[in-house]
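Results of the structural survey
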Amino acid sequence: MVNLFGPGLISKTKLAPLQLKVLDKIAYCRTSALGGHEEVCDNCATVRYSYNSCGDRHCPKCQAAKQVFWIDDLVQTTLPVKHFHIVFTVPHQLNVVCLHNQRLYYDLLFAAVWQTLRSFGYSNYGVETGAVAVLHTWGQNLSLHPHIHCIVPAAGYTLNGQWKNIGNSGQYLYPVHQLSEAFKGKFLDSLKRALRKQNELELFNSVVQQAYKTKWVVHCEPSLAGADHVVKYLGQYTHRVAITNQRILNITGGEVTFIAKDYRDRAVKKPVTLDGIEFLRRFTMHILPKRFVKIRRFGIYNHTTKRNLDLQFVPQKKPDIDEIVKSQQTPETNLQRFTRLTGVNPCLCPVCKTGRMFAIRELPRIRSPACPIFKNDNRIY
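Source: prediction; values computed, not measured.

Bringing empty space enclosed by the protein into the picture now. Rolled over the atoms, a probe with the dimensions of a water molecule shows which regions are left empty. Summed over the entire model, instances satisfying the criterion amount to 1 cavity of 30 Å³ or more. Volume-wise, the largest cavity comes out at about 130 Å³. What lines the largest cavity is a set of 14 residues, and nearest its centre among them are His58, Trp138, Val241, His286 and Leu288. The leading source of residues in the lining of the largest cavity is strand β5 (residues 130-138), at 4 residues. By residue class, the composition of the lining of the largest cavity is 7 nonpolar, 4 polar and 3 charged.

Now for the layout of surface pockets. Here the largest pocket defines a volume of roughly 1,400 Å³. Along its surface, the largest pocket is lined by 44 residues, and Trp138, Gly139, Gln140, His145 and Tyr263 are the ones closest to its centre. Of all elements in the fold, only β3 (83-89), β5, β6 (144-153), β9 (218-221), α8 (227-238), β11 (255-262) and β12 (268-275) reach the threshold of two or more residues within the lining of the largest pocket. The greatest single-element share of the lining of the largest pocket, amounting to 5 residues, is contributed by β6. Tallied by class, residues from the lining of the largest pocket come to 17 nonpolar, 18 polar and 9 charged. Along the wall of the second largest pocket there are 25 residues; nearest its centre are Arg30, Ser50, Ser53, Phe338 and Pro346. Listing elements by their share of the lining of the second largest pocket, those giving two or more residues are β1 (36-41), β2 (47-51), α3 (64-76), α12 (334-342) and β14 (357-363). By residue number, the principal contributor to the lining of the second largest pocket is α3, which donates 4 residues. Among the residues forming the lining of the second largest pocket, the class breakdown is 13 nonpolar, 7 polar and 5 charged.

A separate point is the packing of helix α1 (residues 2-12) against helix α2 (residues 17-28). Look at α1 against α2: their axes get within 10 Å of each other, and the N-to-C directions meet at 160°. Between α1 and α2, the crossing angle belongs to the class labelled roughly antiparallel. Crossing angle aside, the handedness with which α1 passes α2 is left-handed. On the side of α1, the interface is formed by Val2, Asn3, Leu9 and Ile10, while α2 contributes Leu20, Leu23, Ile26 and Ala27. Looking at the contact of α1 with α2 residue by residue, the class counts come to 7 nonpolar, 1 polar and no charged.

Quick look at the sheet that holds β5 now. Strand pairing within a sheet occurs via backbone hydrogen bonds; the two strands may be parallel or antiparallel. With antiparallel pairing, 5 strands are arranged side by side in an open sheet as β9-β3-β6-β5-β13. Every interior strand has two partners, whereas the edge strands, β9 and β13 (295-299), have only one. Averaged over neighbouring strand pairs, the angle between their axes works out to 20° when direction is ignored. Direction of pairing for β3 relative to β9: antiparallel, over a ladder of 4 bridges. If you follow Val87 over to β9, its bridge partner there is His219. Taken strand by strand, helix α5 (residues 102-125) contacts β3, β5, β6 and β13, and its axis lies near 30° from that of β6. With respect to the sheet, helix α6 (residues 176-197) is in contact with β3 and β9, its orientation differing from that of β9 by roughly 140°.

For the protein chain, per-residue confidence averages 84 on the pLDDT scale, and residues scoring 70 or more make up 87% of the total. Across residues 315-319, confidence stays below pLDDT 50; counting only partners more than four residues off in sequence or on other chains, it has 2 contacts. Overall, residues 376-381 carries pLDDT values under 50, and its contacts beyond four positions in sequence, including any with other chains, amount to 13 contacts.

Its place among the elements puts Thr89 in strand β3. In terms of polar contacts, Thr89 uses its side chain to reach the backbone carbonyl oxygen of Val217, at 2.8 Å.

Right, let's get into the packing of aromatic side chains. Under the criterion given, the structure shown has 14 aromatic pairs. Lying across the ring of Phe292, Arg296 places its NZ or CZ 5.0 Å from the centre.

Reading guide: rules and limits
- Numbering of residues begins from 1 in every chain and follows the order in which that chain's sequence is written.
- Given that the model is predicted, a residue must reach a pLDDT of at least 70 before its local features are reported, and side-chain atom pairs must reach 80 or more before they are shown or counted; all residues, however, enter totals for whole chains, interfaces and linings.
- Side-chain measures here rest on the full set of heavy atoms in the structure, leaving out hydrogens and waters.
- Buriedness for pockets is judged along seven lines, at least five of which must meet protein on both sides within 12 Å for an open set on the 1 Å grid over protein atoms alone, while cavities are sets there where a 1.4 Å probe fits but cannot get out, and lining residues have an atom within 4 Å of a point.
- Grid points are joined across faces, edges and corners, and a volume is the space filled by probe spheres set on the points.
- The helix and strand labels rest on DSSP assignments: H or I over at least four residues marks a helix, E over at least two residues marks a strand, and numbering proceeds from the N terminus.
- Residue polarity is assigned by list, with Asp, Glu, Lys and Arg as charged and Ala, Val, Leu, Ile, Met, Phe, Trp, Tyr, Cys and Pro as nonpolar; anything else, Gly included, falls into the polar class.
- Between N-to-C directions, angles cover 0 to 180 degrees, with each direction set by a line fitted to C-alpha atoms, over the stretch in contact for helices.
- Geometric relationships in this document are graded by angle, where less than 35 degrees denotes roughly parallel, more than 145 denotes roughly antiparallel, 65 to 115 denotes roughly perpendicular, and other angles denote oblique.
- With the far helix as reference, a near helix turned anticlockwise by less than a right angle produces a left-handed crossing, and one turned clockwise produces a right-handed crossing.
- We call two residues in contact when some of their heavy atoms are within 4.5 Å.
- Between any two strands, pairing holds if DSSP finds at least two bridges.
- Values of pLDDT, the confidence the predictor places in each residue, fall between 0 and 100.
- Here a polar contact is recorded for every N or O atom pair within 3.5 Å, except that within protein the pair must consist of a potential hydrogen donor and a potential acceptor, and residues adjacent in sequence are included only if both atoms are side-chain atoms.
- Aromatic rings from Phe, Tyr and Trp, taking only the six-membered ring of Trp, are treated as a pair when their centres fall within 6.5 Å; an angle between ring planes under 30 degrees marks them as stacked, one over 60 as edge-to-face, and anything in between as tilted.
- Placement of a charge over a ring requires the Lys NZ or Arg CZ to be within 6 Å of the ring centre, with the centre-to-atom vector within 35 degrees of the ring normal.

Structure representation (structure tokens):
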């Protein structure tokens, strides 16, 4: 895909150095260019060549292990209470501001989401609540659609140091219409302040005023299951990239056809066809700034807050002999943990299904990792 449409995209669009670097990594991911290992089965002697991954967070082939580990870690530290899934979206009129300064825009988006949730926690229930927030920047057709998924516990920490269940017996944690208006006000106010500070408010004042007149949507889903279910549901969104290989149906005639949900038609899955260069251009819009943190914890789920308030999510109890023995056992390796969580053993022989694949030889890289794939491009990154 990148090899096919990358040169055409570069000739038509000026890409940032980071975007070029990411495309270069994806093009060579799990190919002989990055080196790897020659493996052999200890049962049937099948030989397999396993090539290294690029490890980039935008690559659709490099996120499976990180995702399952993140879900497992979060489940272990989640309060045993009901949780709500809340999605904060912004109108498309502000996309021009987002493309102008992604880091600023997304930082303000996270801040406005947490300020809104925190203020509602205190005003409605008098507690410091928390949230785990995940940024998504795309829609189903790869268009720019920044929004934040949150899981919010139906519990909080009061000013006098007591745990308190919140949410009562209602379906929703907070009134969604009030939540939408508060979020709109906080985000647009902070955006105007930031643009004014950079002397850029006049450039985007018209779209900001238009956003004030637009109805904003905050979607809140009632919790129908335990915390584990909600965490695993959010886990589907954490390390997801703009599009996965499974959604692409075919690439023919310079066009790419992929599956997308049409939310205007009851989320029915439909094929969407785009010009290959346009498809790749949309993908590059969702490459995040360097070292940008897209998964954030707030309030009682923030590690610093938990440490400063000395919060104990698990009641103190005297461990029994089984727990002591278990704690003294050899810790799980990443391979054992991945197999336990997914039921897939990557070392299992794909032919005989009983033997294990062992590395017998290292395959060196055949190119410098700093060498760009787009050799016709005269920019250096």
